[in-house]
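Coordinates in review
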Amino acid sequence: MNILILGSGGREHTFAYKISQSSRCEKLFVAPGNAGTASIATNIDINITDFEAVKKCVLDHTIEMVIVGPEDPLVHGIADYFAETEALKRVMLIGPSKRGALLEGSKQRAKEFMMQHNIPTAAYESFTAETLEAGKIFLEKLNPPYVLKADGLAAGKGVLILTNLEEAKQELENMLAHSKFGEASSKVVIEEFLDGIELSVFVLTDGKNYKILPTAKDYKRIGEGDTGLNTGGMGAISPVPFADAVLMKKIEDRIVKPTVNGLSKENIDYKGFVFIGLIKVGDEPLVIEYNVRMGDPETEVVLPRIQSDLVTLFEATYKQQLHTLQIDIDERAATTVMLVSGGYPEGYEKGKEITGIENVEDSIVFHAGTKLENGKIVTNGGRVLAVTSLDTDYKKALKKSYQNIDKLSFDRMQYRSDIGFDL
Ligand code: AMP
Ligand code: GLY
């Protein structure tokens, strides 16, 4: 069948890489894609939140399956648009409906869902401009640090963690009364701070049945030793070494099952990924957030470990038959290290020529922010390349990634040399 992937980052290149290996895929398209996807698929330059444009692309190329990479089209209702459009309703779209996507699109909705279905999470209350003063009084009752979360999508920047009470009150006011994150912070969730170690669990669900995919841990800060500004992610490791069978059983019983059952009980059409951000406090897992898509760069370590045919898995997801399949996972560890543009996550330049990709051996280079310009591969984003390796343990895999990074270069290339430092 012909397949379309929506998105343009390392996550989408990884999807394209796996799907292009499936015997069930005839023609593969990525919209808008990058220089990496161009080497294994046909890029189509459209705006993926313009659903009419997506529809035209699907019909022009007789696409039978669509995989939605980022959250934006999902939160805007692309799955509902497909289901309600006569010419598209038989296309197998992988991604939740708008109601499902609210688990990522609204922090308050996510918290209410967790409370409703007894899923362990931090205590919280939410506030609006009208209840700003009550919010300040609530902060006074909490112990620092204070966690403030803009309710809506804020490009990964909407969470503030503050140690000082006065500063926390000021930021609450900035969010609610002065639109610090625009419409996204017209509502703010204030949450109890959880002190522990983070990990992510990925679930593929058809709304009734589910498969737990490999775990991963990403490194969000720009600086070594987890310092400096937050980024989209500077590297990742899978599996998470401390996610042993005992912890995974707790996660499955207390979090994954109630989440999928909750979706089903609420009649939410959900055929896609649930990316569960967790903190292990002592020995107990608690949810800090849901995302309704795969993570980036987590995808670059999770998918290379899935040995089962992805197209078959997605078809079963769409047909609500996931329970009929087994999923085979590569026992080896996978690591990825992101190469980023100097200045990222703040201002950076684009258009720098990338050299050395052809010399990489025994690692996979996934393109994140790249494009082709006059036959050359140039940088086109903050996060540029993800260098993924597999080996018997994560240290060996990391060594391969770093050895290959030495062969790659572009002007002001940067990366963290300490991925996995805390494990
Ligand atoms: P999010 O944008 O929801 O992924 O949150 C960003 C980061 O803030 C998370 O990766 C955590 O490191 C941190 N965080 C979020 N909620 C809490 C919490 N309740 N306690 C401690 N840290 C948190
Ligand atoms: N790496 C974190 C995310 O994709 O949200």
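An account of the accompanying structure is given in this report.

About the thresholds
- Residues numbered from 1 in each chain as written.
- Chains lettered and ligands numbered in written order.
- Predicted model: local features only at pLDDT ≥ 70, side-chain atom pairs only at ≥ 80, totals over all residues.
- Heavy atoms only, no water.
- Helix = DSSP H or I, 4+ residues; strand = E, 2+ residues; numbered from the N terminus.
- Buried < 20%, exposed > 50% of the residue type's maximum accessible area, 1.4 Å probe, protein only.
- Contact = heavy atoms within 4.5 Å.
- Areas by Shrake-Rupley, 256 points an atom, 1.4 Å probe, with all protein chains shown as cover.
- Lys, Arg positive; Asp, Glu negative; His and termini not counted.
- Charge placed at Lys NZ, Arg CZ, Asp CG, Glu CD.
- Near = heavy atom within 4 Å.
- Polar contact = N/O pair within 3.5 Å; in protein donor to acceptor, adjacent residues only side chain to side chain.
- Nonpolar A, V, L, I, M, F, W, Y, C, P; charged D, E, K, R; others polar.
- Pairing = 2+ DSSP bridges.
- Axes fitted to C-alpha atoms, helices over the stretch in contact; angles between N-to-C directions.
- Phe/Tyr/Trp six-rings, centres within 6.5 Å; stacked < 30°, edge-to-face > 60°.
- Lys NZ or Arg CZ within 6 Å of the ring centre and 35° of its normal.

For the chain, the count of helices and strands is 13 helices and 23 strands. Overall, the chain is about 60 × 50 × 45 Å in size when its C-alpha atoms are taken along their principal axes. Buried positions account for 58% of the 423 residues belonging to the chain. Partitioning the intrachain contacts of the chain with sequence separation of at least 6 by distance along the chain shows that 69% fall at a separation of at least 24. Accessible surface, the chain: about 17700 Å² in total, of which carbon and sulfur atoms supply 46%. Averaged over its 48 positive side-chain charges, the chain has a centre that lies 3 Å from the centre of its 61 negative ones.

Quick look at unusual backbone geometry now. Across the junction of Ala31 and Pro32, the peptide omega takes the value -5 degrees, indicating a cis bond. With respect to the element layout, Pro32 can be found in strand S2 (residues 28-32). Going from Pro144 to Pro145, the amide bond is cis rather than trans, its omega being -5 degrees. Look at Asn267: it is not a glycine, yet its phi comes out positive at around 55 degrees. Secondary-structure assignment places Asn267 in the loop between helix H10 (245-265) and strand S16 (272-281). Of the residues examined, Asn267 reaches a relative accessible area of 65% and is grouped as exposed.

Further remarks concern the site of ligand 1. The immediate surroundings of ligand 1 are formed by 14 residues, with Glu191, Glu192, Leu194, Glu198 and Glu289 found nearest. With respect to ligand 1, the backbone of Leu194 contributes an N or O atom lying 2.8 Å from a nitrogen atom. Counting residues per element, the ones that place at least two in the shell around ligand 1 are strand S7 (146-150), strand S8 (159-162) and strand S17 (284-291). Here the residues of the shell around ligand 1 sort into seven nonpolar, no polar and seven charged.

Our focus in this paragraph is the sheet that holds strand S10 (residues 197-205). In space, the four strands of this open sheet follow the order S11-S10-S16-S17, with antiparallel pairing throughout. Only two strands of the sheet have a single neighbouring strand rather than two, namely strand S11 (210-212) and S17. Averaged over neighbouring strand pairs, the angle between their axes works out to 30 degrees when direction is ignored. Relative to S17, S16 runs antiparallel, the two sharing seven bridges. Across the sheet, the residue bridging to Gly277 is Glu289, located in S17.

Spatially, the five strands line up as an open sheet ordered S3-S2-S1-S4-S5, and their pairing is parallel. The outermost strands of the open sheet, each flanked by one partner alone, are strand S3 (42-43) and strand S5 (92-94). Contacts between helix H1 (residues 10-20) and the sheet are confined to strand S1 (2-7), S2 and strand S4 (63-68), with S1 contributing the most and set at about 165 degrees to the helix.

Now for the packing of aromatic side chains. Between two aromatic rings, the relevant description is the distance of the centres plus the angle of the planes. For the structure on display, the rule yields 12 aromatic pairs. Residues Phe202 and Phe275 carry aromatic rings whose centres are separated by 4.8 Å and whose planes lie at 50 degrees to one another, so their mutual orientation is tilted. With Phe202 in strand S10 and Phe275 in strand S16, the pair connects residues that are 73 residues apart, well separated along the chain. With 6.3 Å between their ring centres and 65 degrees between their planes, Tyr344 and Tyr348 make a pair best called edge-to-face. Since its relative accessible area comes to 32%, Tyr348 is described here as partly exposed. Among the aromatic residues, those joined into a ring-pair cluster are Phe15, Phe273 and Phe314. Seen from the ring of Tyr219, Lys217 lies directly overhead, with NZ or CZ sitting 4.8 Å from the centre.

Looking now at the site of ligand 2. The local shell around ligand 2 consists of Asp218, Gly232, Phe275, Arg293, Gly295, Asp296, Pro297 and Glu298. For ligand 2, a nitrogen atom lies 2.9 Å from a polar atom in the side chain of Asp218. Contacts to ligand 2 include Glu298, whose side-chain N or O atom sits 2.9 Å from a nitrogen atom. When ligand 2 is considered free in solution it has 200 Å² of accessible area, and contact with the protein chains removes 87% of it. Within the shell around ligand 2, the residues separate by chemical class into two nonpolar, two polar and four charged.

For the rest of this paragraph, the subject is the pairing of strand S22 (residues 383-391). With nine of nine residues buried, S22 lies mostly within the body of the structure. Bridge analysis of strand S18 (residues 333-341) against S22 gives eight bridges, and the strand direction is antiparallel. Bridging from a neighbouring strand, Thr335 pairs with Ser389 of S22. With four bridges connecting them, strand S19 (residues 364-367) and S22 associate as antiparallel partners. Of the residues in S22, the one forming a bridge with His367 is Leu385.

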